[in-house]
Amino acid sequence: MADTKKLQSYSANQRTQKIIRGVVCILFCILSLLPFVLLVMNATRASDDIQMGVSLIPSGHFLENWKNLMIKQQGMQVTLWSAVRNSMIVSAPATILAVYFSSMTAYGIQVYDFKMKKAAWAFIMAVMMVPNQITIIGFYRFMLKLGLVDNYIPLILPAIAAPAVVFFMKQYMESTLSIEMIEAARIDGAGELKTFNRIAMPIMKPAVATQAIFQFIAQWNNLFTPTIMLTTDTKKTLPLFVQMLNSDQFRVDYGVVYVALFVTVVPLIAVYLILSRYIVAGVALGGVKG
Amino acid sequence: MKKRRKKVRYGKYGYLFVAPFFLTYAFFQLWPLINTFFYSMLNYYKRNGREFSEFCGLQNFQNILGLVSGEKAYVLHYFKNTFIIWGMNFIPQILVSLLLAAWLTDNKVRLRSRGAVKVITYLPSVITAASISVLFHALFSQYGPITMTLKNLGIIGSSFNFLESSAGTRGLISFILFWMWYGNTTLLLISGVLGISPDLYEAADIDGANGRAKFFRITLPLLKPIMLYVLITSAIGGLQMYDIPALFNVSNTGYVGFPNDNSTTVAMYIMRLYNSDVGKAAAVSVLLFIVTLIISLIFFKFGTSNEEKAEARRRKKRLSEGGGC
């Protein structure tokens with residue numbers, strides 16, 4: 001009798017716990033989404049209304065704000081679309097270089113035995129934590145000497161050396177790549193590079209996809225290096241365009257600012273939701289810090 | 001034996017495969033790093049539109065640290081700003097993430113839609129930081145919708161302006177960082193909790209331990225390595241903090257964080273100097289490098305020993321399980 005009562009109170013306690021935790025989790029979800037909801041709502045409101053306070057009801061001024069944005073951006077050297085295009089020109093090749101050459105480096109260390117192997121791995125681990133901000137002065141002066149300032153090359157080529165991606169790829173290879181498969185390919189007469197491209201890369205596909213997503217996000221969102229390296233307005237990337245929204249020219253008309261932010265944020269959210277399964281799994285594998 | 005010989009024969013390919021990485025790294029990272037150290041000991045000046053430089057020893061360091069009369073130790077102020085903003089973001093972040101990680105892995109009280117919670121709370125970290133900074137600035141500016149609503153509800157005084165208050169601006173930057181990254185930290189901690197052997201929890205259940213005891217006696221101690229990892233990556237990332245403060249509440253010319261220079265970070269200072277005073281900018285970079293290095297070394301001192309081995313095993317296990325991602 002006493003036992004059933006205890007059991008009942010136990011399960012009642014479980015239920016309250018479940019409700020409390022559920023409510024807290026929902027509140028955190030709302031917290032994470034609310035700024036984006038406000039962004040979308042404000043993009044549809046007139047600038048004067050926005051100053052009245054928060055509203056969760058959409059209004060009808062989206063097209064008007066959109067037209068104003070199109071007019072305003074004509075005064076700028078870079079338009080929204082050309083900024084998107086510039087970002088694409090930098091991000092896509094940089095992502096491909098990062099995942100391909102990182103896989104290659106990881107493969108070289110994983111599959112072959114050479115004298116400097118241990119030292120090479122130790123070096124990659126050591127430099128994983130050295131951030132761009134520290135080398136930027138030397139980097140800028142060096143590129144200035146080479147005449148590469150205001151060029152996309154210094155934003156794209158360095159992606160070949162991405163220590164964190166190499167680390168992730170090596171971890172993945174340890175558990176999926178067997179030396180027997182590679183030896184079988186050799187017996188069939190495949191060259192070493194061909195073995196890597198045709199045998200190893202397909203096996204690495206899940207890791208490559210995950211890392212490609214993270215690298216692309218990191219490149220797409222990069223503000224620091226392009227701020228220093230790109231001087232011509234027409235070459236500016238999307239984050240630099242966003243920076244211009246903060247100028248006084250735009251600050252007077254908030255409807256326009258929200259519409260512009262809408263264009264930079266909402267497609268990213270859509271892509272994220274489509275790929276979220278891979279992204280969330282990828283973070284758990286420790287592959288996020290680019 | 002045979003296998004080993006074969007590997008040796010192919011050894012030279014190893015060099016070829018790692019060559020692109022090392023050549024690129026040397027060219028675009030290592031050489032610039034060495035140069036940065038070199039520049040930090042040069043005095044740059046312009047005459048007749050041309051730039052000259054001369055060796056000046058540690059003069060730049062003395063200048064940025066304010067050891068010379070007429071120079072102010074701005075960099076110390078900016079380090080202080082950076083640490084305050086980072087700390088106010090990290091402490092709530094790790095606490096909330098721990099709570100969420102414990103709840104989302106609890107099999108006794110199984111919450112529904114755990115996947116959705118993970119996806120939604122992680123969302124802000126993939127969005128362009130520049131856009132997020134401008135968005136929050138718009139929402140919290142003097143006549144921004146959130147400011148106005150808070151005023152209408154009487155939560156803040158009618159004359160309060162987030163952007164004119166140091167605490168308001170720093171607090172908001174910290175909040176943005178918290179908001180962006182707590183989902184990420186939760187996911188990392190969840191993968192840590194899942195790596196803990198279920199046997200331990202079963203044994204604790206048999207001994208009659210309650211949820212609280214299991215959390216404090218099993219989960220928390222065994223999460224130490226991954227929490228250390230989170231702490232160090234966050235601290236190093238925090239030291240380089242740029243995107244959010246540089247677009248949030250700054251001067252028109254950029255790189256001065258209002259109010260009273262109290263939201264200027266070290267990376268913003270480097271940005272301010274890179275074109276006008278190379279030597280000084282390089283000295284700030286070197287200082288940042290040294291502080292980053294010290295933090296990394298502290299990590300390696302704590303992070304080695306058997307804890308790290310357990311961590312490596314856990315990672316390996318997770319990788320083999322998650323092969324289908």
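Keep in mind it's a predicted model, so treat the numbers as computed, not measured.

We now examine the overall build of chain A. Check the secondary structure of chain A and you find 15 helices and zero strands. Considering only C-alpha atoms, chain A reaches an extent of 85 × 70 × 35 Å along its principal axes. The burial tally for chain A puts 54% of its 290 residues in the buried class. Of the contacts made within chain A by residues no fewer than 6 positions apart, 73% connect residues no fewer than 24 positions apart. Carbon and sulfur atoms make up 66% of the accessible area of chain A, which totals about 12,900 Å². Computed over 24 positive and 14 negative side-chain charges, the inter-centroid distance for chain A is 5 Å.

Scanning chain B for helices and strands turns up 15 helices and two strands. Counting all 325 residues of chain B, 54% fall into the buried class. The long-range fraction of contacts in chain B, counting pairs at least 24 apart against all pairs at least 6 apart in sequence, stands at 64%. Carbon and sulfur atoms form 62% of the exposed surface of chain B, whose accessible area is close to 15,300 Å².

Contacts between the two partners involve 102 residues from chain B and, on the opposite side, 112 residues from chain A. Summed over both partners, the interface of chain B with chain A buries about 10,100 Å², with 72% contributed by carbon and sulfur atoms. In this assembly, chain B and chain A are joined by one salt bridge. In this structure, the salt-bridge partner of Arg21 of chain A is Asp106 of chain B, at a minimum N-O distance of 2.9 Å. At the surface where chain B touches chain A, the tally comes to 16 residue pairs in polar contact (both at pLDDT 80 or more). Element by element, the count of residues in the side of chain B that touches chain A is highest for helix H2 (residues 11-39) of chain B, at 21 residues. Residue composition of the side of chain B that touches chain A, by class: 65 nonpolar, 24 polar and 13 charged.

This next bit is on the pairing of strand E1 (residues 42-47) of chain B. Along a regular strand, successive side chains alternate from one face of the sheet to the other. Where E1 of chain B meets strand E2 (residues 50-55) of chain B, six bridges bridge the pair, whose relative direction is antiparallel. Residue pairing across strands places Tyr45 of chain B opposite Phe52 of chain B, the latter belonging to E2 of chain B.

Looking now at the domain arrangement of chain A. If you check the domain split of chain A, you get domain 1 (2-63) and domain 2 (76-245). A straight line from the C-alpha centre of domain 1 of chain A to that of domain 2 of chain A covers 39 Å.

Counting residues in hydrophobic clusters, the biggest one holds 193 residues, and the most contacted among them are Tyr107, Ile137 and Tyr258 of chain A together with Ile127 and Tyr242 of chain B. Take this core: its biggest share by element is 15 residues, from helix H15 (residues 254-284) of chain A. Both domains that meet at this core, namely domain 1 (2-63) and domain 2 (76-245) of chain A, each give it at least three residues. If near-sequence neighbours (up to four positions away) are discounted, Ile137 of chain A is found in contact with Thr36, Tyr39, Ile270, Tyr274, Val278, Ala281, Ala282 and Ser285 of chain B.

Before going further, it helps to examine a nonpolar patch on the surface. A contiguous nonpolar patch, built from Ile19, Val23, Ile26, Leu27, Ile30, Leu33, Leu34, Val37, Val54 and Leu56 of chain A and spanning about 840 Å² of accessible area, is present on the exposed surface. Looking at the element boundaries, Ile26 of chain A is found in helix H1 (residues 2-43).

Let's shift gears to the pattern of salt bridges. Residues and elements named next belong to chain A. Inspection of the entire model under this criterion finds 10 salt bridges over all chains. Salt-bridge contacts for Lys235 lead to Asp150; the nearest nitrogen and oxygen are separated by 3.8 Å. Taken together, the residues span a long stretch of sequence, with Lys235 in the loop between helix H12 (224-229) and helix H13 (238-245) and Asp150 in the loop between helix H6 (132-146) and helix H7 (153-156) at a distance of 85 residues. Since its relative accessible area comes to 30%, Lys235 is described here as partly exposed.

Residue and element names in this part refer to chain B. Interaxial distance between helix H9 (residues 198-206) and helix H10 (residues 211-222) falls to 11 Å at its minimum, and their mutual angle equals 165°. The pairing of H9 with H10 is recorded here as roughly antiparallel in orientation. Handedness of the crossing formed by H9 with H10: right-handed. Across the interface between the two elements, Leu200, Tyr201, Ala204 and Asp205 of H9 pack against Lys214, Ile218, Thr219 and Leu222 of H10. In terms of residue class, the contact of H9 with H10 is made up of five nonpolar, one polar and two charged.

Residue and element names in this part refer to chain B. For helix H8 (residues 166-194), with 29 residues, the first-to-last C-alpha span of 41 Å sits near the 42 Å given by 1.5 Å per residue. A bend of about 40° at Trp181 is the largest found in H8. Judged by how many residues are buried, H8 sits mostly within the fold: 23 of 29 residues are covered. Near the N-terminus of H8, the side chain that reaches the backbone nitrogen of Ala167, with its oxygen 3.4 Å away, is that of Ser165.

Here we take up the packing of aromatic side chains. According to the stated counting rule, one finds 42 aromatic pairs over all chains in the structure shown. Centroid distance Tyr45 of chain B to Phe52 of chain B: 5.8 Å. Interplanar angle 20°. Geometry classified as stacked. For Tyr45 of chain B, a relative accessible area of 27% corresponds to the partly exposed category. Each member of the aromatic cluster is reached from another via a ring pair, and the members are Phe28 and Phe36 of chain A together with Phe136, Phe140, Phe160, Phe162, Phe175, Phe178, Trp179 and Tyr182 of chain B. The residue whose ring lies beneath Lys170 of chain A is Trp121 of chain A, and the NZ or CZ to ring-centre distance is 4.4 Å. Lying across the ring of Tyr278 of chain A, Arg277 of chain A places its NZ or CZ 5.4 Å from the centre.

Turning to the side chain of Asn65 of chain A, a few remarks are in order. All names here are of chain A. As for its position among the elements, Asn65 is in helix H3 (residues 62-72). For Asn65, a relative accessible area of 2% corresponds to the buried category. With sequence-adjacent residues up to four places away left out, Asn65 is seen in contact with Asn42, Ala43, Thr44, Arg45, Gly255, Val256 and Val259.

This paragraph deals with the environment of Leu42 of chain B. All names here are of chain B. Along the polypeptide, Leu42 turns up in strand E1. Sequence separation between Leu42 and Lys280 is 238 residues; the distance between their C-alpha atoms is 8.7 Å. When near neighbours in sequence (up to four residues on either side) are disregarded, Leu42 contacts Ser53, Glu54, Phe55, Cys56, Asn60 and Gly279.

Residue and element names in this part refer to chain A. Scanning the entire structure with this criterion turns up zero disulfides over all chains. The thiol of Cys29 is unpaired, and the distance to the nearest cysteine sulfur, on Cys25, comes to 6.7 Å. The class for Cys29 is buried, based on a relative accessible area of 12%.

What counts, and where the lines are drawn
- Residues numbered from 1 in each chain as written.
- Chains lettered and ligands numbered in written order.
- Predicted model: local features only at pLDDT ≥ 70, side-chain atom pairs only at ≥ 80, totals over all residues.
- Heavy atoms only, no water.
- Helix = DSSP H or I, 4+ residues; strand = E, 2+ residues; numbered from the N terminus.
- Buried < 20%, exposed > 50% of the residue type's maximum accessible area, 1.4 Å probe, protein only.
- Contact = heavy atoms within 4.5 Å.
- Areas by Shrake-Rupley, 256 points an atom, 1.4 Å probe, with all protein chains shown as cover.
- Lys, Arg positive; Asp, Glu negative; His and termini not counted.
- Charge placed at Lys NZ, Arg CZ, Asp CG, Glu CD.
- Buried area = accessible area lost by both parts, 1.4 Å probe.
- Salt bridge = Lys/Arg side-chain N within 4 Å of Asp/Glu carboxyl O.
- Polar contact = N/O pair within 3.5 Å; in protein donor to acceptor, adjacent residues only side chain to side chain.
- Nonpolar A, V, L, I, M, F, W, Y, C, P; charged D, E, K, R; others polar.
- Pairing = 2+ DSSP bridges.
- Domains from an automatic or database assignment.
- Core = buried A, V, L, I, M, F, W, Y, C linked by side-chain atoms within 4.5 Å.
- Patch = residues over 30% accessible without salt bridge, like charges linked within 9 Å, V, L, I, M, F, W, Y side chains within 5 Å.
- Axes fitted to C-alpha atoms, helices over the stretch in contact; angles between N-to-C directions.
- Parallel < 35°, antiparallel > 145°, perpendicular 65-115°, else oblique.
- Left-handed = near helix turned anticlockwise from the far one by under 90°.
- Expected span 1.5 Å × (residues − 1).
- Bend = angle between axes of the 7 residues up to and from the residue.
- Phe/Tyr/Trp six-rings, centres within 6.5 Å; stacked < 30°, edge-to-face > 60°.
- Lys NZ or Arg CZ within 6 Å of the ring centre and 35° of its normal.
- Disulfide = S-S within 2.5 Å.

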